[in-house]
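Results of the structural survey
Each chain, letter by letter, is given below.
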Amino acid sequence: MSTLGIRIKSLRNEYDLSQIQLAKALGISNVQLSRYESGDRKPDPETLLLIADFLDVSTDYLLGRAASDYPENNVDPIVEIDKIIKEKGMEQAAFYDIERWKALSPEEIKELESYFMYVTDKAKKKKEEEKS
């Protein structure tokens, strides 16, 4: 998955939109949007601008030229997670490989869930504090 695809999907999820909903809002097919998110295709400049405007980010951010949503330290969590996955010798698809997750015990799943909730809650609180 390309940086563009990762960022479109991440922002779509942040807005709690399905591919069909976002595609309809942009005036494109959900198949085309799926191809953008998977990195199989790249949008033309006009469509890229539509996506950026709708998701309220810059085209530079979508293309990976800027981490505009994170100016305080210029770190994009999606890109950083992608780096960790690659450093651990996994491909993006392996991160989402259901068979690897099936091997976890119920206790390990609870531990993973607990840690995930801790990290995301901590980030959410920090973001709320910054808005205040």
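Above this text sits the structure in question.
Just so it is clear, the structure is predicted and the values come from calculations on it, not from any experiment. (Residues numbered from 1 in each chain as written. Predicted model: local features only at pLDDT ≥ 70, side-chain atom pairs only at ≥ 80, totals over all residues. Heavy atoms only, no water.)

With that settled, the discussion passes to the packing of helix α1 (residues 3-14) against helix α3 (residues 30-38). Put simply, α1 and α3 touch, their axes get as near as 6 Å, and they point 120 degrees apart. Comparing their axes, α3 and α1 come out oblique. Where α1 abuts α3, its residues Gly5, Ile6, Ile8, Lys9 and Arg12 lie against Leu33, Tyr36 and Glu37. For the contact of α1 with α3, the residue count by class is four nonpolar, one polar and three charged. (Axes fitted to C-alpha atoms, helices over the stretch in contact; angles between N-to-C directions. Helix = DSSP H or I, 4+ residues; strand = E, 2+ residues; numbered from the N terminus. Parallel < 35°, antiparallel > 145°, perpendicular 65-115°, else oblique. Contact = heavy atoms within 4.5 Å. Nonpolar A, V, L, I, M, F, W, Y, C, P; charged D, E, K, R; others polar.)

So, on to the nonpolar core. Formed by 17 residues in total, the largest nonpolar core has its most connected members in Ile8, Leu22, Leu33, Ile51 and Leu62. When contributions to this core are tallied by element, the ones reaching two or more residues are α1, α2 (19-26), α3, α4 (45-55) and α5 (59-63). Not counting the four nearest positions on each side in its chain, Leu62 is found in contact with Thr3, Leu4, Arg7, Ile8, Leu11, Leu48, Ile51, Ala52 and Val57. (Core = buried A, V, L, I, M, F, W, Y, C linked by side-chain atoms within 4.5 Å. Buried < 20%, exposed > 50% of the residue type's maximum accessible area, 1.4 Å probe, protein only.)

As for its placement among the helices and strands, Leu11 is situated in helix α1. Since its relative accessible area comes to 3%, Leu11 is described here as buried. C-alpha separation for the pair Leu11 and Ala52, spaced 41 residues apart in sequence, amounts to 9.9 Å.

A few words on the packing of aromatic side chains. Overall, the coordinates contain one aromatic pair when judged by the stated rule. On the numbers, 6.3 Å between centres and 35 degrees between planes, the contact of Tyr115 with Tyr118 is tilted. Here Tyr118 and Tyr115 lie together in helix α9 (residues 106-131), a separation of three residues that amounts to about one turn. Using a relative accessible area of 55% as the deciding quantity, one classes Tyr115 as exposed. The lysine or arginine in question, Arg7, covers the ring of Tyr61, its NZ or CZ lying 4.1 Å from the ring centre. (Phe/Tyr/Trp six-rings, centres within 6.5 Å; stacked < 30°, edge-to-face > 60°. Lys NZ or Arg CZ within 6 Å of the ring centre and 35° of its normal.)

Looking at the element boundaries, Leu22 is found in helix α2. Look at Leu22 and you get buried, because its relative accessible area is 0%. Leu22 sits ten residues away from Arg12 along the chain, and the two C-alpha atoms are 7.2 Å apart. Setting aside anything within four residues of it in sequence, one finds Leu22 in contact with Ile8, Arg12, Leu17, Leu33, Phe54 and Leu55.

Another point: the environment of Thr3. Looking at the secondary structure, you find Thr3 in helix α1. Given a relative accessible area of 32%, Thr3 falls into the partly exposed group. On a C-alpha basis, the gap between Thr3 and Tyr61 in space is 9.3 Å, while along the polypeptide they are 58 residues apart.

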